[in-house]
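Descriptive analysis of the structure
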Amino acid sequence: MTRTRSTASPPTPPTPPTGTATAATAGRRKGIAGRRSRHPAPGQAPWRDRPLGRATPWLFLLAPLALLVTFTYVPVGNMIFYSFTDWDGVSPDRNFVGGDNYTELLTRPELFKVFAVSLYYLAASVVQIVVALYFATVLSFDLRFRNLFKGILFFPYLINGVAIGFVFLYFFQDGGTLDSVLSWFGADGDHAWLGTPESANTSLAGVSVWRFTGLNFVLFLGAIQSIPGELYEAAQLDGASRWQQFRHIIAPGIRPVLSLSVILAVSGSLSVFEIPYIMTGGATETSTFVIQTVKFAFQFNKTGLASACAVVLLALILLITWIQRRIVPDERVDLV
């Protein structure tokens, strides 16, 4: 039996409607024309070199620059101007007195004694950095419930400072929470934690450690997690311990963030306000330079002298920051 070979041709695919083909062709032509239009014609300047192209970045920066100038540089300029007047903060009269406010500030040693209180907060800042660095290093490795501990450490920083002041005011009062807890362990109760300058400043500094450790912890944790994981793997293959990994990998990798934390610690210890103002109001020798400045402005109506205090504090912070940058420059660290 012979087979006959079929001579039928394969079916042709259906052709799209004329309107659809025309639209697709027009779309492709439009796209090609759009890509060609991006390139300037011969002899024509690129779009970035045109006046509108050069002005576009400044148009985007106009709003943030206006806010920065309005709410930062203009108030600073007004503060410097007020520091050379005897303005009381209410009357429209602002008599120019020259440098009398600065002379009074520098010739009254009791006005600078409040900086001794900042030493308590500076020591507390050292504790903050050490504790935050320890927990950031430990929780950067794979541990159980590490996300829970991260939230617990960072949570105090999210609470309002006024609320923290009232909470710890009851915590440290005579016969309060702290005395009740200590009595469980056989310690005598009813301690005047805020009654003497030493215990009061130590207690207030301890509150600042509890509140601001979370900020340093997040900064350190982010810096540690930005270090490439291949370095840890190579160190583990070489038999490096956790301490050796911290010393040779983590510590050099977070040096810029550590420098930033030191700057924040120094400036923060000089400008403490919320916690001592809420808890003691500056009593029992717990007044800071900022509390003293606020009292000059709103209690004694000496806005000119208060402005001079603020200018001196700003100059001190800028000077300390500059010295710190000169001693420990912010060098680029290349680990790989």
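The structure we're discussing is the one just above.
Now for a look at the structure at hand.

A word on the environment of Val266. Position of Val266 among the secondary structure elements: in helix α12 (residues 255–270). Residues Val266 and Gln324, 58 residues apart in the sequence, show an inter-C-alpha distance of 9.9 Å. Ignoring any residue separated from it by four or fewer positions in sequence, one finds Val266 in contact with Leu122 and Ile320.

Moving on, we get to the packing of helix α5 (residues 118–139) against α12. Here α5 crosses α12 at 155 degrees, and the two axes come no closer than 8 Å. The orientation of α5 relative to α12 falls into the category roughly antiparallel. Once α5 is placed against α12, the crossing between them reads as right-handed. Between α5, through Ser118, Tyr121, Leu122, Ser125 and Ile129, and α12, the contact on the second element is made entirely by Leu258, Ser261, Val262, Ala265, Val266, Ser269 and Leu270. Among the residues forming the contact of α5 with α12, the class breakdown is eight nonpolar, four polar and no charged.

Next up on the list: the side chain of Thr286. Positionally, Thr286 belongs in the loop between α13 (274–279) and α14 (289–298). Side chain to side chain, Thr286 and Thr280 meet in a polar contact 2.6 Å long. Ignoring sequence-local partners within four residues, the contact set of Thr286 consists of Val117, Ala200, Asn201, Leu204, Pro276, Thr280 and Ile291.

Criteria and cut-off values
All residue numbers refer to positions counted from 1 along the written sequence of the respective chain. Residues qualify for local features only when their pLDDT is at least 70, as the model is predicted, and side-chain atom pairs are given and counted only at 80 or more; totals for whole chains, interfaces and linings, by contrast, use all residues. Values reported for side chains reflect all heavy atoms of the structure, with hydrogen atoms and water molecules removed beforehand. Secondary structure elements follow DSSP: runs of H or I of four or more residues count as helices, runs of E of two or more count as strands, with numbering from the N terminus. Contacts are assigned to residue pairs with any non-hydrogen atoms lying within 4.5 Å of each other. Axis lines are fitted to C-alpha atoms, over the contacting stretch for helices. Their N-to-C directions set the angle, which ranges from 0 to 180 degrees. Here is the rule for angles: anything less than 35 degrees is roughly parallel, anything more than 145 is roughly antiparallel, 65 through 115 is roughly perpendicular, and the remaining ranges are oblique. Helix crossings are classified by the rotation of the near helix relative to the far one: an anticlockwise turn of less than a right angle makes the crossing left-handed, while a clockwise turn makes it right-handed. Put simply, Ala, Val, Leu, Ile, Met, Phe, Trp, Tyr, Cys and Pro go in the nonpolar bin, Asp, Glu, Lys and Arg in the charged bin, and everything else, Gly too, in the polar bin. In protein, a polar contact means a hydrogen-donor-capable atom and an acceptor-capable atom, both N or O and within 3.5 Å, with residues adjacent in sequence counting only if both atoms are side-chain atoms; elsewhere, any N or O pair within 3.5 Å suffices.

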